[in-house]
Structures are given as structure tokens and as C-alpha cells.
Amino acid sequence: MLLFYHFFFISACNFITSFSFVALGGICAFSYLKDFHHIVVPFEIEYASLTANETDLLYFLGFFLLINVVIRVVINRYPLRIYRNDKEYLAIFEGQIPLLTKALPFKRGDVVPVPPGGILPWQESRYKVNDKPVLLLDEYFKTPSELNIMMMNDKSSEK
């Protein structure tokens, strides 16, 4: 049941960020095509309100777009499902377009932990799979040892 809510949350974030990009992009394109080079606020802005002038609206817009990009980057690093067939794995990720997914095939031993660094909260959950950065939370596996098995190189196949 927890996995269903997790999948719903990831899909909802994908829809929201996609819709906001399309909506803001459409508004900006319409404004540019209609030769509105200045933001016209349809109401009078009072002093000490959330925005003091029109440039504050641009700051909010820029911050909103930055947050959307950060959300998309995190969503695209988290696999929705990982399927295993003996020593081969298939990770399914949320696509850039809602309702589309992308697959990443890999083998046992292709998962490499990334050294801690940066400001993201899940430092111990950052890995690279075939040079693609991913977030693998060990509590979403059936047992924590499954993540360790994915990282092990199979020495018997190298001989």
C-alpha cells in the first residue's frame, strides 16, 4: 500500500511540474507575441504586501521555475520499480512527459555509491547506475540486503 502512495506522489509531482511549465511558458509566449514586454499587474500593490513592485513578481516567478526544475531532477532520479531476473535488473523511471516511463537496464555490480557531498538530504541513498545518478532508498526494498546484492560484483562470472 505504501508503494501505491509513493507512485501516486511521484506521478502527481510530475503532473504539477509539467502543467506549471506549460502554463507559465504559454503565458510568457503570449505576452511576448502580443508585445507586452512589461508585466502589468491588474491590481494595485500596497506597501508591505507580499510584493512591493513588479520586479518582485519576476523574482517569485524565477524562484518558482527553479523549484520546479529541482523537483523534476529529484523525481527523475528515483526509480518507480526495479525488476530483477537473476543477475540482470531493469529500473523504471518517470519520464519527462506525464504517463511515460523510461527503462534503464543494468547488471549486478553496476550500482556504485556516490560519495557524500552537496546539500541534498539523502546522502547515503545516492548511487550511480551506468553513470546515471539515482536515489535508492533501502526501506523500499523487500530486505535491505537486496540493495547490497545489486552492488556486489559477481566474481564467479569473471573467471
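Here, every reference points to the structure presented above.
For the structure given in this document, a descriptive report is provided here. (Residues numbered from 1 in each chain as written. Predicted model: local features only at pLDDT ≥ 70, side-chain atom pairs only at ≥ 80, totals over all residues. Heavy atoms only, no water.)

### A look at the side chain of Arg126
Within the secondary structure, Arg126 is located in strand β5 (residues 126-129). In this structure Arg126 is buried but unpaired, with Glu124 as the nearest side chain of opposite charge at 8.8 Å. Within the structure, Arg126 has its side chain in polar contact with the backbone oxygen of Pro115 (distance 3.1 Å). In this view, Arg126 contacts Pro113, Val114, Pro115, Gly117, Val134 and Leu135; residues no more than four positions away in its chain are not counted. (Helix = DSSP H or I, 4+ residues; strand = E, 2+ residues; numbered from the N terminus. Buried < 20%, exposed > 50% of the residue type's maximum accessible area, 1.4 Å probe, protein only. Lys, Arg positive; Asp, Glu negative; His and termini not counted. Salt bridge = Lys/Arg side-chain N within 4 Å of Asp/Glu carboxyl O. Polar contact = N/O pair within 3.5 Å; in protein donor to acceptor, adjacent residues only side chain to side chain. Contact = heavy atoms within 4.5 Å.)

### With respect to the sheet that holds strand β6 (residues 132-135)
Taking strand neighbours across the sheet as the criterion, the 3 strands line up as β4-β5-β6 in an open arrangement whose pairing is antiparallel. Two strands bound the open sheet, and with one partner strand each, they are β4 (111-113) and β6. Direction aside, neighbouring strands of the sheet carry axes that sit 35° apart on average. Here β5 pairs with β6 via 4 bridges, running antiparallel. Along β6, the bridge assignment pairs Lys128 with Pro133. (Pairing = 2+ DSSP bridges. Axes fitted to C-alpha atoms, helices over the stretch in contact; angles between N-to-C directions.)

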